[in-house]
Amino acid sequence: MEENLSNEIDIRRQKIEELKKMGEIPYKEKFDRTCTIHEAREKLGEKVKIAGRIIFRRIMGKFGFCQIRDVYDKIQISVGRNELSEEDYNFYKKMIDIGDFIGVEGEVYETQTGEITVKAEKVTLLSKTLRPLPEKFHGIADTEIKYRQRYLDLVTNEEARKIFLTRSKIVSFIRRFLEDNGFIEVETPILQTSVSGASAKPFFTHHNALDIECNLRIATETWLKQCIGAGIDRVFELGKDFRNEGIDPSHLQEFTQVEWYASYWNFEDNIKFFKKMIVELFKTCLGTTKVNYQGQEIEFDGEWPRINYVETMRELLGCDFLAIDDVDQLKKIVVDKGLFGYGELEECRTVRTLVDYIYKRKIRAGIVNPTILYNYPATLIPLARRNDQDERIIDVFQVVAGGAELVKAYSELVDPIVQRKTLELQLEEKAAGDEETMDVDEDFLLAMEHGMPPISGLGFGIDRFMQFIFDCPNIRDVVLFPLMR
């Protein structure tokens, strides 16, 4: 296989040298198209100038067909001696290969079999490829190539093209929807000096010019809230966050997320807003509000049932777990109930991480249709607003479907005194061995002490959502260029 590839590369190198001797430029400066390939398919009977990569070619003596494509569409080209001179036809046969980029001038017609085709009156070699395209593109052997060489995946895989074109539509729709509803997009720092905004392990780096240690942001939350404090009533950012956590089929350390914050909202307002957005997104970008995920059809346009997180967990454990602050005591209850063994709980070193572990495996995993989970334990999210009736509960909701968390939002904590206490508790958990805790962010606390209105914020992961709607087994399938070892 490697020998055949090497021979093919040598042959194409020789062709490049031969082209130069002929006075041909193997890599042209430009080509003036009159339309795209997709547009050309609607121009029966008209002359067009189009360009693309050859993905198929068949020559039968003095006549032949090829196909060219771009990421949006493909079209058939007929090439024959009736339209081209003998010299030009021989050039096409000898010097042009599958994978090359060509420009084509000719009339669009329909063959007897109904195939839209361009009758080539002129074929121009635009860019010569050294390596041939892969003949097949499936199976375990090609997974590495698919992620490392995404350009080949997009050239040869219709499903990959669909995923990434849809992803672009979704990102554009979210921006437009937010802007149409009065939100302003801003940019906040990626390099930070405090780990804040979420419970996650960060990446660290050194800033040489300032001689300080920095971390890559794990969320945009604290900065966007400062924008709210500055008087920007509705604000959002769509960009990259970084969390130095384990790799699995549903997690990447670099991921894309949109976060938005609205003054004077509570989490109930965000539930209504998110549901409206997601239903319109499905209709606009997918043409349906149904998703086939893990063999199940899931409908988003309808009533979303609700699950009270705290009450469901109380029923599961048979006790008021909110009154327990000793992780070993809670572990004993979990084991005695037969929910898990001690070995499974070894990595849970705080009550917060233990409760989250139970939730993900015993509550979230069984949810199929879009469901709103609300009333979360206060230990889980230090930045969320405490409930007015019970400060051990926070005003939080998540939307779960098919066992996957699609979004998390809450009424924001804007009390600087309570906020300082919750962040100091995070330090205690860090001392107990929990690496996914926040720092006491003094700059954020200073901004909060200057005053913030009531706020509700929401975080929505684009990668996980794409994985969900296309039912992809690995999150790398929906990330254009995932990091590889």
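1. Brief notes about the overall build of the protein
Turning to step 1, where the next piece is worked out: Within the protein one finds 14 helices and 18 strands.
Turning to step 2, where the next piece is worked out: Taken across its 485 residues, the protein has 49% of its residues classed as buried.
Turning to step 3, where the next piece is worked out: Here the analysis covers contacts within the protein between residues at least 6 apart in sequence; of these, 64% occur between residues at least 24 apart.
Turning to step 4, where the next piece is worked out: In the form shown here, the protein has an accessible surface area of approximately 24400 Å², with 48% of it arising from carbon and sulfur atoms.

2. Points about the pattern of salt bridges
Turning to step 1, where the next piece is worked out: The tally for this structure, following the rule as stated, stands at 33 salt bridges.
Turning to step 2, where the next piece is worked out: Residue R217 pairs with E237 through a salt bridge whose shortest N-O separation is 3.2 Å. Separated by 20 residues along the polypeptide, R217 in the loop between β9 (212-216) and α7 (221-229) and E237 in strand β10 (residues 234-242) bring together distant segments of the chain.
Turning to step 3, where the next piece is worked out: Take R217: its relative accessible area is 2%, and that puts it in the buried class.
Turning to step 4, where the next piece is worked out: R420 is paired through a salt bridge with E442; the nearest N and O atoms lie 3.0 Å apart. In this pair, R420 is assigned in helix α12 (residues 416-431) and E442 in helix α13 (residues 442-449), connecting sequence segments 22 residues apart.
Turning to step 5, where the next piece is worked out: Accessibility expressed as a relative area gives 41% for E442, which makes it partly exposed.
Turning to step 6, where the next piece is worked out: The network of salt bridges with common partners includes E311, R314, D320, D390 and R392.

3. Digging into the packing of α12 against α13
Turning to step 1, where the next piece is worked out: Between α12 and α13, whose axes approach to 9 Å, the crossing angle comes to 160 degrees. With respect to α13, the axis of α12 lies roughly antiparallel. Handedness of the α12/α13 crossing: right-handed. The segment α12 lies against α13, with P416, Q419, R420 and L423 engaging E442, F444, L445, M448 and E449.
Turning to step 2, where the next piece is worked out: For the contact of α12 with α13, a count of residues per class yields 5 nonpolar, 1 polar and 3 charged.

4. Side note on the sheet that holds strand β18 (residues 455-461)
Turning to step 1, where the next piece is worked out: Read from one edge of the open sheet, 8 strands run β6-β10-β11-β18-β17-β16-β15-β14, paired in mixed fashion. With one partner strand each, in any of the chains shown, β6 (184-185) and β14 (306-308) form the two edges of the open sheet.
Turning to step 2, where the next piece is worked out: Across the face of the sheet, α7 comes into contact with β10, β11 (254-263), β17 (404-411) and β18 while running at roughly 25 degrees to β11.

5. Some points on the sheet that holds β9
Turning to step 1, where the next piece is worked out: An order of β7-β9-β8 is seen for the 3 strands of this open sheet, with the pairing classed as antiparallel. Each edge of the open sheet carries a strand with a single partner, namely β7 (191-192) and β8 (204-207).
Turning to step 2, where the next piece is worked out: Alignment of β8 against β9, held across 4 bridges, turns out to be antiparallel. The residue of β9 that forms the bridge with F204 is N215.

6. Describing the pairing of β9
Turning to step 1, where the next piece is worked out: Bridge analysis of β7 against β9 gives 2 bridges, and the strand direction is antiparallel. The partner of Q192 across the bridge, within β9, is N215.
Turning to step 2, where the next piece is worked out: Counting the residues between successive antiparallel strands, the hairpin from β8 to β9 contains 4 residues, one of them, D211, with a positive phi of roughly 55 degrees.

7. A word on the environment of L380
Turning to step 1, where the next piece is worked out: Take L380: it is sitting in the loop between β15 (371-377) and β16 (393-401).
Turning to step 2, where the next piece is worked out: In sequence terms L380 and G366 are 14 residues apart; their C-alpha atoms lie 21 Å from each other.
Turning to step 3, where the next piece is worked out: Apart from the residues lying within four places of it in its own chain, the contact partners of L380 are S199, Y309, R352 and D356.

8. Focus: the nonpolar core
Turning to step 1, where the next piece is worked out: Counting 51 residues, the largest nonpolar core has I174, W260, F274, I278, F300, F460 and F468 as its most contacted members.
Turning to step 2, where the next piece is worked out: Looking at which element gives the most residues to this core, the answer is helix α8 (residues 267-286), with 10 residues.
Turning to step 3, where the next piece is worked out: Leaving out residues up to four positions away in the same chain, F274 has contacts with W260, W304, V399, V407, L458 and F460.
Turning to step 4, where the next piece is worked out: Core analysis: the second largest hydrophobic core is formed by 48 residues, V235, L322, V334 and C348 among them.

Here is what the cut-offs are and how they apply
Residues numbered from 1 in each chain as written. Predicted model: local features only at pLDDT ≥ 70, side-chain atom pairs only at ≥ 80, totals over all residues. Heavy atoms only, no water. Helix = DSSP H or I, 4+ residues; strand = E, 2+ residues; numbered from the N terminus. Buried < 20%, exposed > 50% of the residue type's maximum accessible area, 1.4 Å probe, protein only. Contact = heavy atoms within 4.5 Å. Areas by Shrake-Rupley, 256 points an atom, 1.4 Å probe, with all protein chains shown as cover. Salt bridge = Lys/Arg side-chain N within 4 Å of Asp/Glu carboxyl O. Axes fitted to C-alpha atoms, helices over the stretch in contact; angles between N-to-C directions. Parallel < 35°, antiparallel > 145°, perpendicular 65-115°, else oblique. Left-handed = near helix turned anticlockwise from the far one by under 90°. Nonpolar A, V, L, I, M, F, W, Y, C, P; charged D, E, K, R; others polar. Pairing = 2+ DSSP bridges. Core = buried A, V, L, I, M, F, W, Y, C linked by side-chain atoms within 4.5 Å.

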